[in-house]
Amino acid sequence: MKKTAKLLHLIGLVMFLGGILPSIVMNSVVGASTDAVLIDHQRLFVSAITWALTIPGMWVLIVAGGLTALAGKYRLVEHRWLIAKLVLAALILLNGTFILAPLVSQVTSIAEQSAAQGQLLPTYMPLKAQEDLYGIANFLMLVVAFLLAIYKPSFRRTQQGAQADRQATPASP
């Protein structure tokens with residue numbers, strides 16, 4: 001079970017990152033273009049990747065990672081880094097599923113309407129900017145979760161720091 005969960009965790013990671021990175025590249029290729037047809041094609045690509053790789057990969061990654069964490073040697077109450085990582089995973093899941101994915105669909109729909117009308121609709125850029133912000137937030141949370149998993153910081157105070165705090169705090173009357 002543990003090895004299967006690790007395998008699924010790795011597959012989810014590949015799918016998730018495999019969906020994010022091409023979307024970033026596509027955004028940089030199209031850049032600030034106002035060509036409605038080019039944007040429509042780019043959005044169809046990004047939307048397909050989001051729904052085929054990013055969202056399913058995110059779910060597989062987080063569910064398998066949670067199972068791995070629960071079956072692993074780390075006890076949650078003793079390892080605050082793991083609690084922080086799981087909280088970040090939940091935030092990534094909520095943001096990606098309930099905010100970012102619907103925004104991707106909305107932005108793609110506006111791009112399709114824009115291509116049909118031959119010009120970029122005024123609602124496209126503000127909604128696209130919102131999608132970018134939530135995407136950046138998810139990516140940054142993912143990077144922090146990776147760093148927590150790699151470095152496993154203790155989040156515990158050193159005994160010297162605790163002792164210095166006790167000495168600096170006056171005793172209660």
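Residues numbered from 1 in each chain as written. Predicted model: local features only at pLDDT ≥ 70, side-chain atom pairs only at ≥ 80, totals over all residues. Heavy atoms only, no water.

Caption draft 1: Highlighting the overall build of the protein. The helix and strand tally for the protein stands at five helices and zero strands. The secondary structure elements of the protein, listed N-terminal to C-terminal, are α-α-α-α-α. The buried share of the protein, taken over its 173 residues, is 33%. (Helix = DSSP H or I, 4+ residues; strand = E, 2+ residues; numbered from the N terminus. Buried < 20%, exposed > 50% of the residue type's maximum accessible area, 1.4 Å probe, protein only.)

Caption draft 2: Expanded view of the nonpolar core. Judged by nonpolar contacts, the single largest core of 18 residues is most densely connected at Phe-16, Met-58, Ile-62, Leu-88, Ile-92 and Leu-142. Contributing elements (two or more residues each) for this core: helix 1 (2-30), helix 2 (36-71), helix 3 (80-117) and helix 4 (124-151). Ranked by residue count, the leading element in this core is helix 3, at seven residues. Setting aside anything within four residues of it in sequence, one finds Phe-16 in contact with Leu-53, Thr-54, Gly-57, Met-58, Leu-61, Ile-92 and Leu-142. Residues Val-30, Leu-103, Ala-111 and Leu-120 belong to the second largest nonpolar core, which totals ten residues. (Core = buried A, V, L, I, M, F, W, Y, C linked by side-chain atoms within 4.5 Å. Contact = heavy atoms within 4.5 Å.)

Caption draft 3: Representation of the environment of Ala-84 in the model. Mapped onto the elements of the fold, Ala-84 is located in helix 3. Overall, the relative accessible area of 24% leaves Ala-84 in the partly exposed class. Sequence separation between Ala-84 and Ala-149 is 65 residues, and the spatial gap between their C-alpha atoms is 9.8 Å.

Caption draft 4: How the structure looks around the confidence of the model for the protein. Of the residues in the protein, 87% have a pLDDT of 70 or more, and the chain-wide mean is 87. For residues 168-173, every residue scores under 50 in pLDDT, and the model assigns this stretch zero contacts once sequence neighbours within four places are set aside. (pLDDT = per-residue confidence, 0-100.)

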